[in-house]
Amino acid sequence: MPENLLKRFWIERYNEQNPMITFKNVSKRYPDGYIALNNVELEVESGEMVFLTGHSGAGKSTLLKLIAAIERPTSGVIAISGQNIAQLKSAAIPYLRRKIGFIFQDHKLLFDRNVFENVLLPLQISDFDNNTAMSRVRAALDKVGLLKKEKVMPITLSGGERQRLCIARAVVHRPAILIADEPTGNLDIEYARDIMAMFKSFNQVGVTILIATHDASLLDDTQHRILSLKQGKLAA
Amino acid sequence: MMRAWLTQHGFVFFHTLKRLASTPVTTLLSITVMGIALSLPTGVYVLMENLQSISGQTAGSPQISLFLKQDASKEDIDKIQQRLQEDSRIVNYQFISKDSALIQLQQSSGLTDIAANLTYNPLPDAFVVHTRENTSDSLEQWKLTMQSWPEIAHVQFDSAWVDRLNVLLKLGRSVVLMLATLLSISIVAIMFNTIRLQILTKRDEIEISKLIGATDGFIQRPFLYFGAIQGLCGGITAWLIIAWGIDALNGELMPLTQLYGLEIQLRYLSLQDSISLLLFSAWLGWLGARISVASHLWQIEPE
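- Looking at an unreviewed UniProt entry, chain B carries the name Cell division protein FtsX, with the source organism given as Nitrosomonas ureae.
- Recorded in UniProt under Sequence similarities (unreviewed entry), the annotation for chain B is "Belongs to the ABC-4 integral membrane protein family. FtsX subfamily."

- Going by the annotation in an unreviewed UniProt entry, the name recorded for chain A is Cell division ATP-binding protein FtsE, with Nitrosomonas ureae given as the source organism.
- Per UniProt, chain A carries the Sequence similarities (unreviewed entry) text "Belongs to the ABC transporter superfamily."
- In UniProt, chain A has this text filed under Subunit (unreviewed entry): "Homodimer. Forms a membrane-associated complex with FtsX."

## Some points on the overall build of chain A
1) Next: Regarding its fold elements, chain A presents eight helices and ten strands.
2) Next: In terms of overall dimensions, chain A is globule-like: its C-alpha atoms have a radius of gyration of 18 Å, near the 18 Å expected for 236 residues.
3) Next: With respect to the principal axes defined by its C-alpha atoms, chain A has extents near 50 × 45 × 35 Å.
4) Next: Residues classed as buried in chain A amount to 53% of the 236 residues present.
5) Next: Here the contacts in chain A between residues at least 6 apart in sequence split such that 71% fall between residues at least 24 apart.
6) Next: Within the structure as shown, chain A displays about 11,200 Å² of accessible surface, and the carbon and sulfur contribution to it stands at 50%.

## A word on the sheet that holds strand β3 (residues 126-131) of chain B
All names here are of chain B.
1) Next: The strand order across the open sheet formed by four strands is β2-β3-β1-β4, and the pairing between neighbours is antiparallel. Of all strands in the sheet, those bounded by a partner on one side alone are β2 (90-96) and β4 (152-157). Pairwise comparison of adjacent strand axes, ignoring direction, gives a mean angle of 20 degrees for this sheet.
2) Next: Inspection of the sheet shows β2 paired to β3 by six bridges, in the antiparallel sense. Each bridged residue has a counterpart across the sheet, and for Ile 90 the counterpart in β3 is Thr 131.

Parameters and conventions
Residues numbered from 1 in each chain as written. Chains lettered and ligands numbered in written order. Predicted model: local features only at pLDDT ≥ 70, side-chain atom pairs only at ≥ 80, totals over all residues. Heavy atoms only, no water. UniProt positions renumbered as here; feature names shortened; annotations may be inferred. Helix = DSSP H or I, 4+ residues; strand = E, 2+ residues; numbered from the N terminus. Rg over C-alpha atoms; globule rule 2.2 N^0.38 Å. Buried < 20%, exposed > 50% of the residue type's maximum accessible area, 1.4 Å probe, protein only. Contact = heavy atoms within 4.5 Å. Areas by Shrake-Rupley, 256 points an atom, 1.4 Å probe, with all protein chains shown as cover. Pairing = 2+ DSSP bridges. Axes fitted to C-alpha atoms, helices over the stretch in contact; angles between N-to-C directions.

Structural data, given as structure tokens:
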């Protein structure tokens, strides 16, 4: 069973002493010559909550995608809890992604499945036992306040509810890292504050969180570290 | 771990059935196409099997006639009788003397006049031998051996029509093989295209599954199940078409069998052949899906 071997390999390399996320001299240049990231150096400790800001096109999304190996760096080293993922074999990528909960800017919900089934998906792909999966999905939906809508199709949900559905799907498998790309993008300030409160509560139980946002109002009263990207470079 | 695995596969299996049922017209059409394609070679095969078994029934055990030389003495007859007695391949034999042969000839209707006009008995002594051997090769071998005995004038067995039948059956087998190969390829091609279209319509689901950590195996599974289940249904359809065809032909044969007092009834596919048909059709469906998945899935990479 190569899958099992990969899993074990992954767990053994997991090391609490290392920073959760490390970028060393990371650059990303697209085939058309556009440089999205230029020599980025970054460290995020385990259990830390970090904001990533910058104008659109500054490279925020690229940086987040590199962490989940959705994009590959042109050069440099990216390490997740000590393991270099820049050269990760494609067969090992699924196991990296299972350690991460990703909240996508464009939601990426399945519109032919109801709320419950959307949240179930991350557990289905990792061979979870049925009963455990059911209770985990309910717990996740409860946390984001969508338990009463578990049978509803996502198309009928409001913007804020869809965002919360994405969060439930991102945390249902209890990932070590939570990544959110513009999680409050088109939301009212009320909803946005709700969602930020959720992230804070996940952070309090030890989840490492990285949030990309251009919404300055979210950052006014935060004590968390703020990284700002400008034209592919991290400003101090 | 095992239970989770079973749950997974059970889920995919029922999910696939649901998907097939959700587009009943398309599903039925493609199952029918596959069923007809499979029923052609299988049908020819069944007819040949029947032909072979009917020819086996009517021919019974092969019969060889040994004609002695005209001047064969009593000793010669005894010698041959002894050789036949010692041969284990012989079921039974019968001696027909030239006198009894002449009497038989005289009694045969239509030949009485000829027989009455004979001034002497032109018929030789003969043995009629029934044997267990039934392959034309070994019979031919045996014929040569007996031909070499000095007392024997002529050995005759009616192998010509057995040979002809065998040639025809061989030809039939080649036809079956050719039909089966060509139509199998077409089934794989049909499944390849069906799965290609499905992959296109499920692009989002595949992309999202990859993004949240699904392995290639997990993503392929529903498509492979789909191919195998649809192939199996095609096999079942082919089986039903053949069963219906045999029923119809048996109905047609009925007056014929009554007219000639023959017991001819076409047989259905044997249990073993039925299982082979179903497994093979499921495998063909799986194969088409497998090739399609291998050539299309990698194109969908999340961005």
